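Understanding the architecture of this molecule
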Amino acid sequence: MITDLVQIKRLGEQKRPENERFRKHLKSHGFVERNFRAKAEEIEAEIDCTVCANCCKNATVKLHDRDVEKLSKFLRIKPAQFLRDYTQEDEEQGTVLKFEEGKGCVFLDGNDCTVYDARPQICVDFPHLVRGNGTIPFRMWQFIDRATYCPIVYNALEAYKEMTGFKR
Ligand code: SF4
Ligand code: SF4
């Protein structure tokens, strides 16, 4: 299992073309989804997200209305103030949490999430291998990028290649 973030970045980038081929492989064969989820659960159990927090430094967080309600309540401010002070507009994703390149999410302090109990649903479910709508083969496009910064995703894709007899 590789957890070093420098290595994950290097290997994840290096394996982008291979992971693209793997995506096609998954889509053109039939696999049992619950085996993928079970393997991801095993890998999640071995990785401590509280010492990693790399997704909070690399990925923007799209917000839904219920996230805005929950976070405003948690911070004891009005939703309008929350939107003004803690969010920004993204061309593709719409309203997202404020994010600074090199620093990450506005609520990240060191490796700690300062709104942990009220964090958006996307953060609760991340990296969406165990919890996520749709099958993993059809959501593989999301995981190629995540494999460059998330140890859970990187190691899960490597395990899936073994499980499915994918030729590298
Ligand atoms: S809200 Fe918390 S868990 Fe979500 S990206 Fe920001 S710091 Fe990370
Ligand atoms: S989900 Fe992935 S990137 Fe985020 S903290 Fe856990 S291992 Fe790190």
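Residues numbered from 1 in each chain as written. Chains lettered and ligands numbered in written order. Predicted model: local features only at pLDDT ≥ 70, side-chain atom pairs only at ≥ 80, totals over all residues. Heavy atoms only, no water.

Overview of the overall build of the protein chain
Looking only at helices and strands, the protein chain features 9 helices and 6 strands. Since a compact globule built from 168 residues should have a radius of gyration of about 15 Å, the 17 Å found for the protein chain is in line with a globular shape. The principal-axis extents of the C-alpha atoms in the protein chain amount to approximately 55 × 30 × 30 Å. Relative to its 168 residues, the protein chain shows a buried fraction of 42%. (Helix = DSSP H or I, 4+ residues; strand = E, 2+ residues; numbered from the N terminus. Rg over C-alpha atoms; globule rule 2.2 N^0.38 Å. Buried < 20%, exposed > 50% of the residue type's maximum accessible area, 1.4 Å probe, protein only.)

A closer look at the site of ligand 2
Ligand 2 sits among Ile 47, Cys 49, Cys 52, Ala 53, Asn 54, Cys 55, Phe 126, Pro 127, Tyr 149, Cys 150, Pro 151 and Ile 152. Elements represented by at least two residues in the shell around ligand 2 include exactly α4 (54–58) and α9 (151–164). A per-class count over the shell around ligand 2 returns 11 nonpolar, 1 polar and no charged. (Near = heavy atom within 4 Å. Nonpolar A, V, L, I, M, F, W, Y, C, P; charged D, E, K, R; others polar.)

Quick notes on the site of ligand 1
What surrounds ligand 1 is the set Cys 56, Val 61, Leu 97, Cys 105, Phe 107, Leu 108, Cys 113, Val 115, Pro 120 and Cys 123. Looking at side-chain class alone, the shell around ligand 1 contains 10 nonpolar, no polar and no charged residues.

A word on the domain arrangement of the protein chain
Annotation of the protein chain at the domain level lists domain 1 (5–55 + 130–164) and domain 2 (60–125). Relative to domain 2, the C-alpha centre of domain 1 lies at a distance of 25 Å. Of the residues lining the interface, 5 residues belong to domain 1; the matching set on domain 2 comes to 4 residues. Across the domain 1/domain 2 interface, buried area totals approximately 390 Å², and carbon plus sulfur atoms make up 35% of it. Summed over the three residues of domain 1 that lose the most area to domain 2, namely Thr 50, Ala 53 and Arg 131, the buried surface amounts to 80% of that side. There are 1 salt bridge connecting domain 1 and domain 2. The shortest N-O distance in the salt bridge between Asp 125 and Arg 131 comes to 3.7 Å. (Domains from an automatic or database assignment. Contact = heavy atoms within 4.5 Å. Buried area = accessible area lost by both parts, 1.4 Å probe. Salt bridge = Lys/Arg side-chain N within 4 Å of Asp/Glu carboxyl O.)

Notes on the nonpolar core
As a rule of thumb, soluble globular proteins bury nonpolar side chains together. Counting 24 residues, the largest nonpolar core has Leu 129, Met 140, Phe 143, Val 153, Leu 157 and Tyr 160 as its most contacted members. At the level of elements, α2 (16–28), α3 (33–46), α8 (140–146) and α9 are the ones that each hand at least two residues to this core. Among the elements that make up this core, the one with the highest residue count is α9 (6 residues). With sequence-adjacent residues up to four places away left out, Leu 157 is seen in contact with Asn 19, Phe 22, Met 140, Phe 143 and Ala 147. Grouped together as the second largest cluster of nonpolar side chains are 13 residues, Ile 77, Phe 107, Val 115 and Ala 118 included. (Core = buried A, V, L, I, M, F, W, Y, C linked by side-chain atoms within 4.5 Å.)

Here we look at the environment of Cys 150
Within the secondary structure, Cys 150 is located in the loop between α8 and α9. Excluding anything up to four places from it in sequence, Cys 150 contacts Ile 8 and Pro 127.

Re the pattern of salt bridges
Tallying each qualifying case throughout the model produces 15 salt bridges. Residue Arg 37 pairs with Glu 33 through a salt bridge whose shortest N-O separation is 2.9 Å. Linking Arg 37 with Glu 33, this pair stays in helix α3, spanning 4 residues, or about one helical turn. Beyond isolated ion pairs, a larger network of salt bridges with shared partners links Lys 15, Glu 18, Glu 158, Lys 161, Glu 162 and Arg 168.

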